[in-house]
Amino acid sequence: MRIALIQELEGRVLQIDELEEAGRFGSEMLKYNVVGGILGAELHNVDQELRCLYQVRDMITLNESFEKGNITVIQLTGLLEQLVQILTCCQEYFLDEKNLLLQCDFMFWDEKQQQLWIPYLDGYDKKVNEGISRLLEKFMDTMNHQDKELAFLVYGLHRLSRDRHFDLNKLCDFLEANRKKTVPQRGGDRKERKVLPSENDNPSQILPQGKEKSGQKPEQFWRKQVVFIAASVMLIIIFYQIGFIRDPVSGGLDLRRSSILAVVLLAAAYGYNKKESVSYNRTGKTVGKTGKEEDNTIQLVNGCTDETIMLEQLEEQNWMINLIPQDWHRPEIKIRKSPFFIGKDVAKADEIIGEGEVSRIHLKVVADAQGVFLIDQESTNGTFVNGRQLVPWERCQLKDGDMIGISSIYYKAELYS
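Just so it is clear, the structure is predicted and the values come from calculations on it, not from any experiment.

Trainee: How should I be thinking about the overall build of the protein in this particular structure?
Mentor: Scanning the protein from terminus to terminus reveals ten helices and 21 strands. Out of the 417 residues in the protein, the part that is buried amounts to 39%. Long-range pairs, those at least 24 residues apart, make up 53% of the contacts in the protein between residues at least 6 apart in sequence. About 26000 Å² of surface is accessible on the protein, with carbon and sulfur atoms providing 51% of the total.

Take a look at the structure:
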């Protein structure tokens, strides 16, 4: 079978030759009826061979669409939901979904109508889940791997497509569950993230709930002040009643003793205030024993840039990984972020290994609270840890001293925390 995408005066045409003889129910049905998302063929006999022509005109292939990049979770979910609708249409019109040409180079996207179109080819007879798996693998080559939400969606779908018990209902359930997670909430983003404030923000707008504003003393501190004043007044009344600060001749206040009591109370108040309010001044900074201001807040913004830093990124930087090559001619790989991609794709890999036996995106390294993990990106020649080949897309925990094989190129792992 020969497949070619030909540019003609009226637009592009997909041409398929040397098709084995098969029942023509689907082609005949689509010749006279339009089914949304399914391309029917014009059949011609040329030199005793059957030729199928599909008029795709100005539509682009899915592969061309993926290479443009910047596809979001919502866009990918919408694309896959259209694919589900097309598969459902096949069942409704007694078309065999195995005859859909599920290949990125020959699936088409109408940019004006935002519609997916898939050629129907009688006798093609390929498993649907294998086609979806290939589609996702093709998308992995061009997607933004730093978008965690997108990565989890793609890898989850890929794992589902490789399940031998795959069916259309499971795919629908997976997409529906993902859509519920990503539908924007009213008045806010679809997913709350803990973002640290910048220097230019209004302090009244960025304070965490339940915390006091800078320059104000805690409510509990003021309650203690009121209690202290009330106790002082009561103490003065008691001393007056027992005659300690009363002049025995005139019956009025004894100025000398009253002054002594006032000094004692003021000294007690000063010591109490110093102990309770040491961490509060007008800027919200602590005044230390040296008299200098000590900033109690976490540094929120990089001083050289305006980029806001996520808390999760700060937590991920408490480790370092060095991959020491067995071949001393090769450079050492230093991993200081998560995720970290290794491969030969200059545009997408964080560490470039240019050998042909290394895949474009060969290996991913991620770190979280549980440790550091390697994830083989379904590479052609595999990833090995201590001689054992990793199962694609599965997490393998990395330990200090492990021997890592990226195809036939070996490194020793050194972990520092």
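Trainee: Would you take a moment to explain the packing of aromatic side chains for this structure?
Mentor: The relative placement of two aromatic rings is captured by the distance of their centres and the angle of their planes. Throughout the structure, instances matching the rule amount to two aromatic pairs. Centroid distance Phe66 to Phe139: 5.0 Å. Interplanar angle 65°. Geometry classified as edge-to-face. With Phe66 in helix 2 (residues 62–67) and Phe139 in helix 4 (residues 128–140), this pair connects stretches of sequence that are 73 residues apart. By relative accessible area, which is 2% here, Phe66 ends up buried. Note on Tyr155 and Trp393: the rings are 4.8 Å apart at their centroids and 40° apart in plane angle, and the pair reads as tilted.

Trainee: For this particular structure, what's the right way to read the sheet that holds strand 5 (residues 49–57)?
Mentor: By way of backbone hydrogen bonds, the strands of a sheet pair with one another, either parallel or antiparallel. Read across the sheet, four strands follow the order 1-2-5-4 without closing on themselves; strand pairing throughout is antiparallel. Where the open sheet ends on each side, the last strands, each with one partner, are strand 1 (2–8) and strand 4 (42–46). Ignoring which end each strand starts from, the neighbouring axes of this sheet average 30° apart. Sheet topology note: the strand 4/strand 5 ladder contains five bridges and is antiparallel. Across the sheet, residue Leu43 finds its bridge partner in strand 5, namely Cys52.

Trainee: Whenever I open this one, the pattern of salt bridges confuses me. Can you help?
Mentor: Side chains carrying opposite charge are able to pair once their charged atoms draw close together. A full pass over the atoms with the stated rule returns twelve salt bridges. Note that Arg360 is salt-bridged to Asp345, the shortest N-O span being 3.1 Å. Taken as a pair, Arg360 in the loop between strand 14 (351–352) and strand 15 (363–368) and Asp345 in the loop between strand 13 (340–343) and strand 14 lie far apart in primary sequence, 15 residues in all. Taking the relative accessible area as the measure of exposure, Arg360 reaches 39% and is therefore partly exposed. Taken together, the salt bridges that share partners define one network made up of Arg2, Asp17 and Arg51.

Trainee: Just checking my understanding: could you explain a nonpolar patch on the surface for this structure?
Mentor: Taken together, the side chains of Ile229, Val233, Met234 and Ile237 make up a nonpolar region of the molecular surface, amounting to roughly 370 Å² of accessible area. Following the sequence through the fold, Met234 ends up in helix 8 (residues 219–241).

About the criteria used
- Residues numbered from 1 in each chain as written.
- Predicted model: local features only at pLDDT ≥ 70, side-chain atom pairs only at ≥ 80, totals over all residues.
- Heavy atoms only, no water.
- Helix = DSSP H or I, 4+ residues; strand = E, 2+ residues; numbered from the N terminus.
- Buried < 20%, exposed > 50% of the residue type's maximum accessible area, 1.4 Å probe, protein only.
- Contact = heavy atoms within 4.5 Å.
- Areas by Shrake-Rupley, 256 points an atom, 1.4 Å probe, with all protein chains shown as cover.
- Phe/Tyr/Trp six-rings, centres within 6.5 Å; stacked < 30°, edge-to-face > 60°.
- Pairing = 2+ DSSP bridges.
- Axes fitted to C-alpha atoms, helices over the stretch in contact; angles between N-to-C directions.
- Salt bridge = Lys/Arg side-chain N within 4 Å of Asp/Glu carboxyl O.
- Patch = residues over 30% accessible without salt bridge, like charges linked within 9 Å, V, L, I, M, F, W, Y side chains within 5 Å.

So, to be careful, I would describe these as geometric facts and stop short of saying anything about function.
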